[in-house]
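# Examination of the molecular architecture
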Amino acid sequence: MSAGFGTRAIHSAQRPDPTTGAVIPALSLSTTYKQSAAGVHTGFEYSRSGNPNRNNFEEAIADLEGGKYGLAFASGSATTASIVNALQQGAHIISVNDVYGGTYRYFTKVAVHGGIDTTFVNLDDPANIESYFKPNTKLVWLETPTNPTLRIIDIQAIADRAHAHGALLVVDNTFMSPYFQKPLSLGADIVIHSVTKYINGHSDVVMGVAVTSNEEFYQKLAFMQNSLGAVPSAFDCFLARRGLMTLEIRMQRHAENAQAVAEYLETSQYVDEVIYPGLASHPNHELAKRQQTGFGGMISFRVKGTLDNVNKILSNLEHITLAESLGGVESLVEVPAIMTHGAVSPEDRAILGITDTLIRVSIGIENKEDLIADLKQALEKAY
Ligand SMILES: *Cc1c(COP(=O)(O)O)cnc(C)c1O
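Residues numbered from 1 in each chain as written. Predicted model: local features only at pLDDT ≥ 70, side-chain atom pairs only at ≥ 80, totals over all residues. Heavy atoms only, no water.

## Details of the confidence of the model for the protein
The predicted coordinates should not be examined in detail at positions where pLDDT is low. Short version of the rule: Each residue carries a pLDDT score, the predictor's confidence in it, ranging from 0 to 100. Numbering of helices and strands runs from the N terminus; a helix is a DSSP stretch of H or I covering at least four residues, while a strand is a stretch of E covering at least two.
When the pLDDT values of the protein are averaged, the result is 97; 100% of them are 70 or greater. For the protein, per-element mean pLDDT is lowest for helix α12 (residues 346–352), which scores 90, and highest for strand β7 (residues 208–212), which scores 99.

Quick look at the structure:
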């Protein structure tokens with residue numbers, strides 16, 4: 001029977017335990033599994049190769065992304081590394097230019113040693129990608145919305161171009177979650193998440209996942225999952241599966257709160273620019289409406305003044321915590337130029353619009369009135 005997203009987020013792959021009837025699958029900490037005769041087993045042999053809690057999480061997230069297969073990893077970064085390792089030496093990747101910092105670092109400082117080169121391209125205009133394809137281009141790598149400037153890239157347009165050149169498209173869907181965006185339905189071949197963020201949603205698990213319906217790539221990536229061994233613990237899979245149950249209502253609330261906060265910030269005399277795809281003023285607002293079913297919980301805004309004012313704002317905040325990361329139930333704030341994007345060169349930061357007065361907020365699921373009041377008092381006391 002078909003069912004809606006919220007129903008599947010709760011019930012997908014949740015089969016009551018056949019021996020106890022437990023509604024929630026038990027935490028399976030065993031590293032190994034008894035075989036009835038040599039080579040005759042239940043489907044589990046050794047926990048790196050397969051674990052019941054991991055299978056349970058992988059099956060559920062694959063269902064929510066509309067894909068056939070899910071493969072979980074020890075972090076979002078381990079997911080990226082495993083995908084790149086599934087390519088052959090000499091492969092070429094085209095990546096969106098303002099990709100997640102750790103992904104940029106992996107492409108430029110690690111993948112190159114395996115003979116894999118990456119070209120970083122501005123994909124605001126999808127046609128821009130055409131001149132960068134090479135005969136050995138195997139992968140196109142997208143993130144949308146981008147971080148921290150929240151530009152929206154046209155997934156379908158890039159998928160069509162990648163496929164015309166025989167390349168697969170990977171979309172990092174961390175910022176939207178499958179509740180607001182389903183890249184596989186827009187032509188992507190592989191979707192990845194830093195589960196650390198919205199999927200787990202409670203800032204207490206570091207984990208990653210890839211979902212695909214491409215049988216051949218799935219086989220290669222499953223081989224990498226087992227061979228590189230960057231797998232998540234059973235407990236992390238258990239927690240992430242629990243987090244997934246409330247993904248729908250969390251995302252709805254993140255977006256409702258973010259829209260209200262963004263609209264408030266647009267009225268503030270201390271704010272020069274508010275970047276939120278749900279605002280009519282966002283340059284890709286129409287594309288966001290077409291490609292996503294909501295606008296998510298991330299806002300970036302540029303305040304008047306200098307870094308000194310920014311530091312005052314941050315120290316005045318009472319409900320919103322100064323910390324890296326995003327996607328948890330609690331609101332977090334950070335200054336990309338100094339924190340998450342501090343390793344990006346000043347020249348590249350200037351190209352990407354990451355100024356010292358740009359503030360990024362991951363809007364949590366608190367009461368929106370409290371978040372707005374907190375930002376209001378913090379801004380007023382900082383000038
Ligand atoms: C955090 C993040 C990652 C990396 O994930 P980890 O779990 O921290 O390794 C990758 N992509 C995006 C968009 C992220 O926000």
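## Structural notes on empty space enclosed by the protein
For the record, the criterion: For each structure, a 1 Å grid was placed over the protein atoms alone; sets of points admitting a 1.4 Å probe that cannot get out are labelled cavities, open sets with protein on both sides within 12 Å along at least five of seven lines are labelled pockets, and lining residues have an atom within 4 Å of a point. Grid points are joined across faces, edges and corners, and a volume is the space filled by probe spheres set on the points. The split of the chain into domains comes from an automatic or database domain assignment.
All chains considered together, the criterion is met by one cavity of 30 Å³ or more. Each pocket or cavity is described by its volume, and for the largest cavity that value is around 40 Å³. Along its surface, the largest cavity is lined by P145, L150, F175, M176, P277, F295, G296, G297 and M298. Each of two domains, domain 1 (5–245) and domain 2 (247–381), supplies a minimum of three residues to the lining of the largest cavity.

## Some points on the pattern of salt bridges
Basically, it comes down to this: We count a salt bridge whenever a side-chain nitrogen from Lys or Arg sits within 4 Å of a carboxyl oxygen from Asp or Glu. Classification of residues uses two cut-offs on accessible area relative to the type maximum, computed with a 1.4 Å probe and protein chains only: under 20% is buried, over 50% is exposed, and between them is partly exposed.
Counted under the stated rule, the structure contains 15 salt bridges. Residue E58 is joined to R54 by a salt bridge in which the shortest nitrogen-to-oxygen separation is 3.5 Å. Taken together, the residues E58 and R54, both in helix α2 (residues 52–65) and four residues apart, mark about one turn of the helix. Across this residue pair, the class does not change: E58 and R54 are buried. The closest approach of N and O atoms between E273 and R302, which form a salt bridge, is 2.8 Å. Taken as a pair, E273 in strand β8 (residues 271–275) and R302 in strand β9 (residues 298–303) lie far apart in primary sequence, 29 residues in all. For E273, a relative accessible area of 33% translates into the label partly exposed.

## Here's the deal with a nonpolar patch on the surface
Quick note on the threshold: Patch membership requires more than 30% relative accessible area and the absence of a salt bridge. Residues of like charge join within 9 Å; the nonpolar side chains Val, Leu, Ile, Met, Phe, Trp and Tyr join within 5 Å. Residue-level accessible areas treat just the shown protein chains as cover; the underlying method is Shrake-Rupley with a 1.4 Å probe.
A cluster of nonpolar side chains, namely L27, L29 and F235, defines an oily patch on the protein surface of about 290 Å² accessible area. Its location among the elements puts L29 in the loop between α1 (5–11) and α2. By relative accessible area, L29 is classed as exposed at 63%.

## Some details on the packing of aromatic side chains
What counts, and what does not: When two rings of Phe, Tyr or Trp (its six-membered ring) have centres within 6.5 Å they constitute a pair, described as stacked for plane angles under 30 degrees, edge-to-face for angles over 60, and tilted for the intermediate range.
Scanning the model with the defined rule gives nine aromatic pairs in all. Seen from their ring centres, F107 and F120 are 6.3 Å apart, and the 45° between their planes marks the pair as tilted. Taken as a pair, F107 in helix α4 (residues 101–110) and F120 in strand β3 (residues 117–121) lie far apart in primary sequence, 13 residues in all. What links up through ring pairs into an aromatic cluster is the set Y104, F107, F120 and W141.

## Observations concerning the side chain of D154
As a reminder of what qualifies: By the criterion applied in these results, polar contacts are pairs of N or O atoms within 3.5 Å in which, for protein atoms, one can donate a hydrogen and the other can accept it, and in which residues neighboring in sequence qualify only through two side-chain atoms. By definition, residues are in contact when any of their heavy atoms lie within 4.5 Å.
Following the sequence through the fold, D154 ends up in the loop between β4 (137–143) and α5 (155–164). Using a relative accessible area of 17% as the deciding quantity, one classes D154 as buried. In this structure the side chain of D154 is engaged in a polar contact, spanning 3.3 Å, whose partner is the backbone nitrogen of Q156. When sequence neighbours within four positions are dropped, the list of residues in contact with D154 reads P126, L287, R290 and Q291.

## Quick word on the sheet that holds strand β5 (residues 168–172)
Adjacent strands of a sheet form backbone hydrogen bonds with each other and so pair up, either parallel or antiparallel. Just so we agree on the cut-off: By definition, two strands form a pair when at least two bridges between them are found by DSSP. Axis definition: a line fit to C-alpha positions, over the contact stretch in the case of helices; interaxial angles, taken between N-to-C directions, run 0 to 180 degrees.
The sheet built from seven strands is open, its strands ordered β1-β7-β6-β5-β4-β2-β3 with mixed pairing. The outermost strands of the open sheet, each flanked by one partner alone, are β1 (69–73) and β3. On average, adjacent strands in this sheet sit at an angle of 20° to one another, irrespective of strand direction. Two strands pair when backbone bridges link them, and β4 and β5 are joined in this way by five bridges, in the parallel orientation. If you follow E143 over to β5, its bridge partner there is D172. Lying on the sheet, helix α3 (residues 76–85) is in contact with β1, β2 (92–96), β4, β6 (190–194) and β7; it crosses β6 at an angle near 150°. Packing of helix α7 (residues 215–228) onto the sheet brings it into contact with β1, β5, β6 and β7, and relative to β1 it is tilted by some 25°.

## Considering the sheet that holds strand β10 (residues 321–322)
Taking strand neighbours across the sheet as the criterion, the five strands line up as β8-β9-β12-β11-β10 in an open arrangement whose pairing is mixed. Each edge of the open sheet is held by one strand with a lone partner, namely β8 and β10. Bridge analysis of β8 against β9 gives four bridges, and the strand direction is antiparallel. Among the inter-strand pairings, I275 is bridged to a residue of β9, identified as S300. Running over the sheet, helix α9 (residues 247–267) touches β8 and β9 and is turned about 10° from β9.

## Here we look at unusual backbone geometry
Note: most residues except glycine have negative phi, and most peptide bonds are trans. The peptide bond linking T144 to P145 adopts the cis configuration, its omega dihedral lying at -5°. Tracing the sequence through the fold places P145 in the loop between β4 and α5. A positive phi angle is found at A13, which is not glycine, with a value near 65°. Looking at where A13 falls in the secondary structure, it is placed in the loop between α1 and α2. The buried category is assigned to A13, whose relative accessible area is 11%. Unlike most non-glycine residues, S177 shows phi in positive territory, near 70°.

## Notes on the site of the ligand
For the record, the criterion: Any residue with a non-hydrogen atom lying within 4 Å of a molecule or strand is treated as near it. Throughout, a molecule is located in a cavity or pocket provided that more than half of its atoms lie within 2 Å of its grid points. Any residue outside Ala, Val, Leu, Ile, Met, Phe, Trp, Tyr, Cys, Pro, Asp, Glu, Lys and Arg is labelled polar, Gly included; the first ten of those are nonpolar and the last four are charged.
Near the ligand you find 13 residues, and of these G76, S77, D172, T196 and K197 are the closest. D172 has a polar side-chain atom sitting 2.7 Å from a nitrogen atom of the ligand. Relative to its unbound accessible surface of 380 Å², the ligand loses 91% to contact with the protein. Given that more than half its atoms are within 2 Å of the pocket grid, the ligand belongs to the largest pocket. Broken down by class, the residue content of the shell around the ligand amounts to four nonpolar, six polar and three charged.

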